[in-house]
Amino acid sequence: MSIYDTLNPEQKEAVLHTEGPLLILAGAGSGKTRVLIHRIAWLMEQGVSPWNIMAITFTNKAAGEMRQRVNNLVAQGADSVWVATFHSTCVRILRRYIGHLGFDTTFSIYDTDDQKAVMKDVCKRLNIDTKIYKERYLMSVISRAKDELISPLEMELAAGIDWQKKRLAEAYKEYQAQLRRNNALDFDDLIVKTVELFQNCPEILEAYQERFRYLMVDEYQDTNTAQFKLISLLAGKYRNLCVVGDDDQSIYKFRGANIYNILNFEQVFPDARVIKLEQNYRSTQNILNTANEVIRNNYGRKEKRLWTENEEGNPIAFRLLPNAFEEAELIIGDISHHVRNREADYQDHAILYRTNAQSRLFEEKLIMAGIPYKLIGGVNFYARREIKDILAYLKTVDNGRDEVAVRRVINVPKRGIGATTLNRVGDYAGAYGIGFYEALVRADEIPGLGRSGGKIRPFTELIEALRGKLGKTSLVDLTKELLEATGYSKELEAEGTEEAKGRLENIDELISKIAAYEESAKEPTLSGFLEEVALVADIDSLEESSNYVILMTLHSAKGLEFPYIYMAGMEEGIFPSYMSLNGENPEEDLEEERRLCYVGITRAKRELMLTAARQRMIRGQTMYNAVSRFIREIPDEYLEKGNRRERTADNPSPQKPAAWAQSKESFRAKAYEQKSITVNKASGLEYTVGDRVRHIKFGDGTVLEITEGKKDYEVKVDFDTAGVKRLFASFAKLKKL
DNA sequence: GGTTGGAAACTTTTT
DNA sequence: GTTTCCAACC
C-alpha cells in the first residue's frame, strides 16, 4: 500500500500528471493541498530533485502549512523544495539581483502607511489638490496599473489628450521616482520589478527557469496579471506548470486578481490537462447543498457541483434578530452552549463577518462572557504606531536612503525639530542631489537652520552609533539600546495610561519577535528581520493549538475550516455590501459578493448559522436593512428558520443556566411579535399565517409565513404533498379553505 | 515648534 | 461611533 492509494481517482490523476500544463479545478474542501503535497512527493519519487520544485502560495500561513505537511510526507529533501509566497519569493530574488534595475539590495519594503506618506509628498510636489484626488484614490489607481504591468509611461501614452488621466500618470511617475530615491519598493513593485528583471536579464530568468522546473501555484484564482506573467516567465522553458484554484472562490478582484487567469487557462495553454475535484471531504450534505444553491446564481463560472459522502447533518440555521446586540448574544450563547455540553471547544467556532467594524460588538460580548477569542485582521500588529516607530528607527539604521522612515522618527520622541527645519533640510538635499539623511548629517552646512541645526546632531549620532554596532551586538540588544537612548520607553512609562501600557506590551512583544527571529534564522541580519516583518499578514499568526473563538472577516477565512461557522450581518447593504450594490458595475461586484458568501458557507464542517439584525448602528446611524438576498437564494429545504435550541429548551440539560434559557425565550417572543406585525399588514390577502390554503398545482397546505415585498406578498406554504414552497401571492392564486 | 479643540471623513475586502 | 486631520492658539 502506497501513500497514493488514499487518493480518489481524480486526485490521483492530478498527482501523477507531472509533465506539461495542468489546471486543477478544486472545489472547496476537495483536498487540494493534499493533492499538492502528494504531487511533490511523487515528483521526488520519480527522481526529480527537490531543488527543482517550487510551490507558491499567497499567505505565509499556507506556505508554512504546506512545508510542514511535505516534511511529514517525505523522508528526505523536503527542506530543499521552494515553498513560499509570491511576495517573499520575489524579495528573495530581488535581494540578489535588483542591482540590475538600479536599486540597492538593501531596499525597504513600504506598507500602505509608508505609501501614503510618499503620496502626500508627491501631491505636494505636483500641486495636486488632495481634496479632489484623495491619496487613497491615487494609490489605488497606481496599484491597479501595477497589477496590470502598466508603466507610468504607458499610462501617459494611453491617456492621450485626457488631461485628468495625464495627471494621474504624472502622479504615478513621480511616485515611482520617490520610491527609487528612497530605495524602496511597495508590495506591488515586488512582483513588477521581478518581472522587469526577468525581461531585462534573460540570463537571470534562464537560471531560475532551470532551477524551478516544476511549478505549482495555489489559490490560482487570486493571481493578478503581473503574477500570471511572473509564473508564465518561470514556466516558459519546461512548461511544467500546475495551477490549483476554484473560480467560485475568487474574492480578490478588488485587489487586482484577474479571474480570467483561471477561466482562460486552457486558451493560453491549449495542451493543458484539466482535472476537476468535486468530492468534498469537509462539510455535511446540507452545508454543501446550500453552498451549491447560492453559487448557482452566478454566471460566467466553470460548472461544477460539489458532492460528499458525509452525512446529511443538521439544517442550516437562520436567525433574524431585532438588533446587532442580540445577534452577538445569540451567537455567543450558542457557542457557550456547545462548550458547556462538551460538544466542542472554543477553537471549533469561527464568527465571520463582512467588515472589520462588525467585530467590536462580538469582542465586547465575548469579554463579558469571559470567553477567550482571537481577532484576526483589523490593525496589523506591525502597523501599530509604536511598532512602526521602532521599525522606522531600525530601517533608518539599515537603509539610510529610506526617507519615509527617517522623517517618521526624526522628531519621535520630540527633539524640537519641526516642519520648517525639515523643509530646509529637504531643500538642501534636493539642491545638492543627496539623500535626506545625508543632508541631516551635514546639518551644520545648511544655511538658515540656526539653533535647530544643533538639535539634529544627537539624532544622526545615535543612528551612526547603532549602525556601528550592526553585526557586533545582537539585534535584541541593539533594539533595547535604541529604546534606552531615545527615551522612547521612558516616555511611555511616564505617561502611565492604559494605552501607554498597551504600547509598552506591544514593544515587548516586538522584542520577543526579534529574539525568535535571531534564534530561528540561519544568518540573522537586520535587513532579514525587517524583510520578514514587512511581509506578514495577520492571518499568519493563527495558531491551530490554542483554544480561542476566532473572529475574522469572510476574506480572511478563505482556506480555513471550522466545525461551527457563524456568518453574521446577513443583510442587504452589509453583505452584499453597499459598495458592491452601488458601484460602477453592480452585476459583477455582486457576483464577487456571492462568491464570498460561498467561501463563508463552505468553511463549515458540521454546522452553519446565518444571522441578521433588523436594526443596526452603522457609523453612529441606525440602519434598517432587509435580509440579505443570499438567504433568499437558499431553498427552504436546507434552511431552518425556527429556533434550533428549542429542542434543548423543551428538554433542558441540567447544567444549563436559567439566564440562557430566558434570553432565548425573550428572543423568541420578540421574533414572533414582529412576524405578526407583518401579517397584519397583509390585509390584502384573504388568508394569514396558520391558515389552510389550496394551490391549483401543489394541492392543500398550511401558510407558514407572509413577507411583504415591494410589489407583492411572498407567501411561504407547507404543502402536504409538495413540501415547503415560497410563492408570490398574485401568481399563486391561493384559496383559503 | 507644540498643543488643543472641533470638524470631517470613514468603512468592503489585504499580500 | 471613532479616528484622523487641520487650523488656531500658546
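Rules behind the numbers
Residues numbered from 1 in each chain as written. Chains lettered and ligands numbered in written order. Predicted model: local features only at pLDDT ≥ 70, side-chain atom pairs only at ≥ 80, totals over all residues. Heavy atoms only, no water. Near = heavy atom within 4 Å. Nonpolar A, V, L, I, M, F, W, Y, C, P; charged D, E, K, R; others polar. Helix = DSSP H or I, 4+ residues; strand = E, 2+ residues; numbered from the N terminus. Axes fitted to C-alpha atoms, helices over the stretch in contact; angles between N-to-C directions. Parallel < 35°, antiparallel > 145°, perpendicular 65-115°, else oblique. Left-handed = near helix turned anticlockwise from the far one by under 90°. Contact = heavy atoms within 4.5 Å. Phe/Tyr/Trp six-rings, centres within 6.5 Å; stacked < 30°, edge-to-face > 60°. Lys NZ or Arg CZ within 6 Å of the ring centre and 35° of its normal. Buried < 20%, exposed > 50% of the residue type's maximum accessible area, 1.4 Å probe, protein only. Pairing = 2+ DSSP bridges. pLDDT = per-residue confidence, 0-100. Polar contact = N/O pair within 3.5 Å; in protein donor to acceptor, adjacent residues only side chain to side chain.

A. Expanded view of the protein's contact with DNA strand C. Neighbouring DNA strand C are the residues Lys116, Arg360, Arg619 and Gly620. Of the residues contributing to the surface near DNA strand C, the split by class is no nonpolar, one polar and three charged.

B. The arrangement of the environment of Glu65 in detail. Structurally, Glu65 is set in helix H3 (residues 60–73). Along the chain, Glu65 and Val83 lie 18 residues apart, while their C-alpha atoms are 9.8 Å from each other.

C. Broad picture of the packing of helix H15 (residues 324–340) against helix H16 (residues 359–369). Following both chains from N to C, one finds H15 and H16 inclined at 50°, their axes separated by 9 Å at the closest point. What the angle tells us is that H15 and H16 run oblique. Where H15 crosses over H16, the handedness of that crossing is right-handed. For the pair H15 and H16, contact is made by Ala324, Phe325, Glu327, Ala328, Glu329, Ile331 and Ile332 and by Leu361, Phe362, Lys365, Leu366 and Ala369, respectively. Taken together, the residues of the contact of H15 with H16 sort by class into nine nonpolar, no polar and three charged.

D. Region of interest: the packing of aromatic side chains. According to the stated counting rule, one finds 16 aromatic pairs in the structure shown. Consider the rings of Tyr133 and Tyr137, whose centres lie 6.1 Å apart with planes at 15°: the pair is stacked. Within the aromatic cluster, the residues linked to one another by ring pairs are Trp82, Tyr97, Phe198, Tyr208 and Phe212. The ring of Trp82 carries Arg92 above its face, with NZ or CZ at 3.8 Å from the centroid. One cation-aromatic arrangement involves Arg255 over Tyr252; the distance from NZ or CZ to the ring centre is 4.0 Å.

E. Focus on the packing of helix H5 (residues 112–125) against helix H8 (residues 163–181). Taken N-terminus to C-terminus, the directions of H5 and H8 make an angle of 120°; their axes are 9 Å apart at the nearest point. The angle between the axes of H5 and H8 places the two elements in the oblique class. The element H5 and its partner H8 pack so that their crossing is right-handed. Here Gln115, Val118, Met119, Asp121, Val122 and Arg125 of H5 lie close against H8, whose contacting residues are Ala171, Glu174, Tyr175, Gln178, Leu179 and Arg181. A per-class count over the contact of H5 with H8 returns six nonpolar, two polar and four charged.

F. Main features of unusual backbone geometry. Looking along the chain, the bond that leaves Phe575 and enters Pro576 is cis, with omega of 5°. Topologically, Pro576 is positioned in the loop between strand S13 (562–567) and helix H26 (578–582). One non-glycine residue, Leu149, adopts positive backbone phi at about 60°. On the secondary structure map, Leu149 appears in the loop between helix H6 (135–147) and helix H7 (152–159). By relative accessible area, which is 26% here, Leu149 ends up partly exposed. Of note in the backbone geometry, Arg342 takes a positive phi value of approximately 55° without being a glycine.

G. Molecular detail of the environment of Ile631. As for its position among the elements, Ile631 is in helix H28 (residues 629–632). Through-space distance from the C-alpha of Ile631 to that of Ile93 is 47 Å; in sequence the pair is 538 residues apart. Sequence-distant contacts of Ile631, that is, excluding residues within four places in its chain, are made with Phe318, Met570, Leu610 and Leu639.

H. Molecular detail of the pairing of strand S2 (residues 53–57). Judged by how many residues are buried, S2 sits mostly within the fold: five of five residues are covered. Both faces of S2 are covered, namely the face carrying Ile53, Ala55 and Thr57 and the face carrying Met54 and Ile56. Direction of pairing for S2 relative to strand S6 (residues 214–217): parallel, over a ladder of four bridges. Residue pairing across strands places Ile56 opposite Val217, the latter belonging to S6. Direction of pairing for S2 relative to strand S3 (residues 82–85): parallel, over a ladder of four bridges.

I. Inspection of the confidence of the model for chain A at higher detail. Looking at chain A, pLDDT values average 85 and 90% of them are 70 or higher. This stretch, residues 644–683, has a pLDDT under 50; its non-local contacts, to residues over four places away or in other chains, come to 53 contacts.

J. Quick look at the sheet that holds strand S1 (residues 22–26). One open sheet accounts for six strands, arranged S3-S2-S6-S7-S1-S8; its pairing is parallel. Of all strands in the sheet, those bounded by a partner on one side alone are S3 and strand S8 (273–277). This sheet shows a mean twist of 15° between the axes of neighbouring strands, independent of strand direction. Those strands touched by helix H1 (residues 9–16) are S1 and S8, and its axis lies near 145° from that of S8.

K. Just the environment of Tyr110, in detail. Relative to the elements of secondary structure, Tyr110 occurs in strand S4 (residues 108–110). Considering only alpha carbons, one finds Tyr110 and Ala405, 295 residues apart in sequence, at a separation of 9.6 Å. A distance of 2.3 Å separates the side chain of Tyr110 from the side chain of Asp402, its partner in a polar contact.

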